[in-house]
Amino acid sequence: MAAPVRVLVVDDSASVRQTLAGILAEDPDIAVIGTASDPFVAAKRIQSEVPDVITLDVEMPRMDGITFLRKLMSQRPVPVVMCSSLTEAGSETLVQALEAGAVDVIQKPRMGVTQFLIESRLRICDAVKAAARARLHCLPRRSTLTVQKKLTADVMLAPPRASQAMARTTETVVCIGASTGGTESLRAALEVLPADCPPILIVQHMPEMFTAAFARRLNGLCAVEVKEAANGDTALRGRVLIAPGDRHMMLQRSGARYYVEIKDGPLVSRHRPSVDVLFRSAARYAGANAVGIIMTGMGDDGARGLLEMKQAGAHTVAQDEATSVVFGMPKEAIALGAADRVLPLDRLPAEILRAGG
């Protein structure tokens with residue numbers, strides 16, 4: 001039996017520390033070794049026992065979480081999950097947290113934090129366990145918790161039929177799914193693509209309001225246009241559309257024009273946006289004119305959808321284990337036989353251009 005993940009909770013709010021520590025302690029695969037009210041207290045605790053994972057707030061007295069994160073990664077790297085309130089301005093700060101080495105981000109609201117944390121306990125525990133498995137050098141057991149029913153893409157879109165997809169044409173659309181570790185991996189892949197690359201649609205698991213800041217950051221780094229997708233946006237060469245947080249994104253077609261539909265809906269594979277939803281829509285409406293790529297992330301969201309894309313004639317790729325921060329989603333897709341190719345991160349851009357035309 002694997003040893004539980006040892007976690008240190010760092011937050012200036014006593015009620016948040018108590019609630020978060022309690023939620024984590026309920027999971028038999030997690031052990032809370034302590035809490036800290038600010039980075040200075042946390043640093044002293046780390047001197048006596050180095051945790052497997054740290055949950056870290058951003059806004060704290062004496063030293064902010066981003067500064068502490070940078071110091072930690074330069075001196076004694078430990079997987080960190082940021083847990084902070086998000087505003088439009090705050091989301092920019094959390095982009096900096098990912099650049100500084102945070103593995104994941106958990107959103108908490110300004111009001112009603114305790115109740116929100118309780119309702120999000122599954123997501124929180126999953127994030128911590130994923131962080132414990134993270135390979136920091138790759139950054140460019142059963143639970144007793146009550147698990148919600150795991151829905152499939154059927155709740156958003158019927159399975160594809162062979163007659164629905166277009167015949168093979170010269171126009172190709174690339175669909176990418178990623179989760180833990182995906183923000184920096186996506187940056188590494190996208191910033192080397194030329195301005196006339198095939199249209200790209202991305203589902204990256206991240207909180208609401210965070211996707212707009214993430215898209216702006218990539219837009220400033222890449223030759224391609226990167227934007228948070230809006231309902232009705234056309235999939236164009238040289239354009240990357242990122243699904244907005246807490247909304248599903250589906251590929252649609254009108255004649256030869258591909259565009260995206262942004263919709264509310266239930267969690268699919270425990271996520272919204274869900275990679276399975278995007279991939280199924282690509283299988284249904286693009287068929288052999290699509291390329292599906294599944295990247296680093298915990299869980300299995302996207303694995304079944306990638307298989308549906310392959311069965312519809314699409315070219316499918318999974319990121320390899322050596323370059324995945326968390327080899328969960330690609331591993332599940334490979335196990336299903338959904339991937340035509342398994343490639344390291346640095347070969348994904350060339351594959352996009354080769355397969356996408």
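Residues numbered from 1 in each chain as written. Predicted model: local features only at pLDDT ≥ 70, side-chain atom pairs only at ≥ 80, totals over all residues. Heavy atoms only, no water.

Draft legend 1. Structural view of the sheet that holds strand β3 (residues 53-56). Read from one edge to the other, the open sheet built from five strands follows the order β2-β1-β3-β4-β5, with strand pairing classed as parallel. Only two strands of the sheet have a single neighbouring strand rather than two, namely β2 (30-36) and β5 (104-108). Along the sheet, successive strands turn relative to each other by an average axial angle of 20°, direction set aside. Pairing of β3 with strand β4 (residues 80-85), which is carried by three bridges, proceeds in the parallel orientation. (Pairing = 2+ DSSP bridges. Helix = DSSP H or I, 4+ residues; strand = E, 2+ residues; numbered from the N terminus. Axes fitted to C-alpha atoms, helices over the stretch in contact; angles between N-to-C directions.)

Draft legend 2. Focus on empty space enclosed by the protein. In this structure, the largest cavity occupies an estimated 70 Å³ of space. Lining of the largest cavity is provided by 14 residues; of these, Leu98, Asp104, Thr183, Gln204 and His205 occupy positions nearest its centre. Of all the secondary structure elements, the ones that give two or more residues to the lining of the largest cavity are β5 and α7 (182-190). Its residues placed into classes, the lining of the largest cavity shows six nonpolar, seven polar and one charged. (1 Å grid on protein atoms, 1.4 Å probe; cavity = no way out; pocket = protein on both sides within 12 Å on 5 of 7 lines; lining within 4 Å. Points joined across faces, edges and corners; volume = space filled by probe spheres on them. Nonpolar A, V, L, I, M, F, W, Y, C, P; charged D, E, K, R; others polar.)

Draft legend 3. Molecular detail of the sheet that holds strand β8 (residues 225-228). Across the sheet, seven strands lie side by side as β8-β9-β7-β6-β12-β13-β14; this open sheet has parallel pairing. The strands lining the two open edges of the sheet, one partner per strand, are β8 and β14 (341-343). Taking the axes of each pair of neighbouring strands and ignoring which way they run, one obtains an average angle of 20° across the sheet. On top of the sheet, α7 reaches β6 (173-178), β7 (200-204), β9 (239-242) and β13 (315-319); it is set at about 165° to β7, its chief contact. Strand contacts of helix α12 (residues 348-356): β6, β7, β12 (290-294), β13 and β14, with the helix running at about 180° to β13, the strand carrying the most contacts. (Contact = heavy atoms within 4.5 Å.)

Draft legend 4. Layout of the pattern of salt bridges. On inspection of all chains with the given rule, the structure shows 21 salt bridges. Note that arginine 6 is salt-bridged to glutamate 49, the shortest N-O span being 3.1 Å. Of this pair, arginine 6 sits in strand β1 (residues 5-10) while glutamate 49 is found in the loop between α2 (39-48) and β3, placing the two residues 43 residues apart along the sequence. For arginine 6, a relative accessible area of 27% puts it in the partly exposed group. (Salt bridge = Lys/Arg side-chain N within 4 Å of Asp/Glu carboxyl O. Buried < 20%, exposed > 50% of the residue type's maximum accessible area, 1.4 Å probe, protein only.)

Draft legend 5. The arrangement of the confidence of the model for the protein chain in detail. On average, residues of the protein chain score 88 in pLDDT, and 90% of them are at 70 or above. Counted against residues more than four places away or in other chains, residues 141-149, with its pLDDT under 50, gives 20 contacts. (pLDDT = per-residue confidence, 0-100.)

Draft legend 6. Expanded view of the nonpolar core. Counting residues in each nonpolar core, the largest one holds 55 residues, and the members touching the most others are Ile54, Leu56, Leu69, Met82, Ile176, Ile200 and Ile293. For leucine 56, the residues in contact, after removing those within four places along its chain, are Val10, Gly65, Phe68, Leu69, Val80, Val81, Met82 and Cys83. Counting 30 residues, the second-largest nonpolar core is a separate cluster that includes Val203, Val260, Ala282 and Met309. (Core = buried A, V, L, I, M, F, W, Y, C linked by side-chain atoms within 4.5 Å.)

Draft legend 7. The arrangement of α2 in detail. Of all the positions in α2, only Pro39, Ala42 and Ile46 are classed as buried. Along the axis of α2, the buried residues cluster in a sector spanning 55°; they form a single face. Projecting away from the buried face of α2 at angles above 90 degrees are the exposed residues Lys44, Gln47 and Ser48. Buried residues along α2 sit against β1, β2, β3 and α3 (65-75). By the N-cap criterion, in which a side-chain oxygen at the helix start approaches the backbone nitrogen of a residue two or three places on, α2 is capped by aspartate 38, the distance to phenylalanine 40 being 2.8 Å. (Arc of directions from axis to C-beta. Polar contact = N/O pair within 3.5 Å; in protein donor to acceptor, adjacent residues only side chain to side chain.)

Draft legend 8. Local environment of the side chain of glutamine 252. Within the secondary structure, glutamine 252 is located in strand β10 (residues 248-254). Only 2.7 Å separates the side chain of glutamine 252 from the side chain of glutamate 261, close enough to count as a polar contact. Glutamine 252 has contacts with Arg257, Tyr258, Tyr259, Glu261 and Tyr285, leaving out every residue within four places of it along the chain.

Draft legend 9. Main features of the packing of helix α1 (residues 14-26) against helix α6 (residues 121-133). At a minimum axis distance of 10 Å, the contact between α1 and α6 shows a crossing angle of 75°. As judged from the angle between their axes, α1 and α6 are roughly perpendicular. Mapping the contact onto sequence places Leu20, Ile23, Leu24 and Glu26 in α1 and Arg121, Ile124, Cys125 and Val128 in α6. Broken down by class, the residue content of the contact of α1 with α6 amounts to six nonpolar, no polar and two charged. (Parallel < 35°, antiparallel > 145°, perpendicular 65-115°, else oblique.)

Draft legend 10. View of unusual backbone geometry. Cis rather than trans, the peptide bond between arginine 272 and proline 273 has omega equal to 10°. Structurally, proline 273 can be placed in the loop between β11 (257-263) and α9 (275-285). Positive phi values are uncommon outside glycine, yet arginine 62 reaches one of about 70°. Mapped onto the secondary structure, arginine 62 falls in the loop between β3 and α3.

Draft legend 11. The pairing of β2, seen in detail. In terms of strand pairing, β1 meets β2 through six bridges, oriented parallel. Looking across to β2, one finds that valine 9 is bridged to threonine 35. As a crossover connection, the stretch from β1 through α1 into β2 is right-handed. (Right-handed = clockwise from strand over helix to strand, strands pointing away.)

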